[in-house]
Amino acid sequence: MLDGWFLYFILFWVFILIFSFAIGGFFMFRKFLKRMPKEDGKSVLDWEEHYVNETIHLWGDQEKAMLNELVTPVPELFRDVAKQKIAGKIGELALEEKAKSITTDLIIRGYILATPKRDHKFLRKKLDEMNIKVAPYEHLF
């Protein structure tokens, strides 16, 4: 049988594997839930994609650069997913307001609404770094 340091080594790796599978399963399950269709037949990810595709012609180079600058605090691994979610919310706002182009105001409002509350302190810090006044958007936080 196993005894001594080899037993502890095996138990350590069993714990690490179970822990890794649990973390991976959690994130896969969250993605699965976002892919599930809602009452209207479209999932959350489908709607994000729809809003981005409907408003892609409204984005200018400066607005794209601003969005890229705003998502720099997000870890690079998740940055593309964050940009898609934020661009979807900005597109939703633009379609609701029948905007002719994406403006700085729309970007900031969409970014605030798409960002989880726990990340608002990082967002405030980033807006301060970019010299953007937060006072007009205080009601969205």
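To keep things clear, this report deals only with the structure shown in the data block. Per chain, the residues get numbers from 1 upward, laid out in the order the sequence is written. A pLDDT threshold of at least 70 governs which residues receive local features in this predicted model, and a stricter bar of 80 or more applies before side-chain atom pairs are shown or counted, although totals over entire chains, interfaces and linings include all residues. To get the side-chain values, take all heavy atoms of the structure and skip hydrogens and water.

## Things to note about the packing of helix H3 (residues 61–70) against helix H5 (residues 104–114)
Axis angles are defined between N-to-C directions and span 0 to 180 degrees, where every axis is a line fitted to C-alpha atoms and, for a helix, only to the segment in contact. Here a strand is any run of E in DSSP of at least two residues, a helix any run of H or I of at least four, and the numbering for each starts at the N terminus. The interhelical angle for the contact between H3 and H5, taken along N-to-C directions, is 30 degrees, at an axis separation of 10 Å. Regarding the angle of H3 to H5, the classification is roughly parallel. Crossing angle aside, the handedness with which H3 passes H5 is right-handed. Here Glu-63, Met-66 and Leu-70 of H3 lie close against H5, whose contacting residues are Thr-104, Ile-107, Ile-108 and Tyr-111. Angles are sorted into four bins: roughly parallel if under 35 degrees, roughly antiparallel if over 145, roughly perpendicular if 65 to 115, and oblique for all others. Less than a right angle of anticlockwise turn of the near helix away from the far helix marks a crossing as left-handed, whereas a clockwise turn marks it as right-handed. By definition in these notes, contact holds between two residues if any of their heavy atoms fall within 4.5 Å.

## Quick notes on the layout of surface pockets
Grid points spaced at 1 Å and placed over the protein atoms alone form the basis of the search, with a cavity being a set where a 1.4 Å probe fits but cannot get out and a pocket an open set showing protein on both sides within 12 Å along at least five of seven lines. Lining residues have an atom within 4 Å of a point. Grid points are joined across faces, edges and corners, and a volume is the space filled by probe spheres set on the points. Here the largest pocket is characterised by a volume of approximately 960 Å³. Contributing elements (two or more residues each) for the lining of the largest pocket: helix H1 (5–35), helix H2 (44–55), helix H4 (76–97), H5 and helix H6 (120–129). A total of six residues in the lining of the largest pocket trace back to one element, the largest contributor, which is H4. Split into classes, the residues belonging to the lining of the largest pocket amount to 15 nonpolar, two polar and 10 charged. The classification used treats Ala, Val, Leu, Ile, Met, Phe, Trp, Tyr, Cys and Pro as nonpolar, Asp, Glu, Lys and Arg as charged, and all other residues, Gly among them, as polar.

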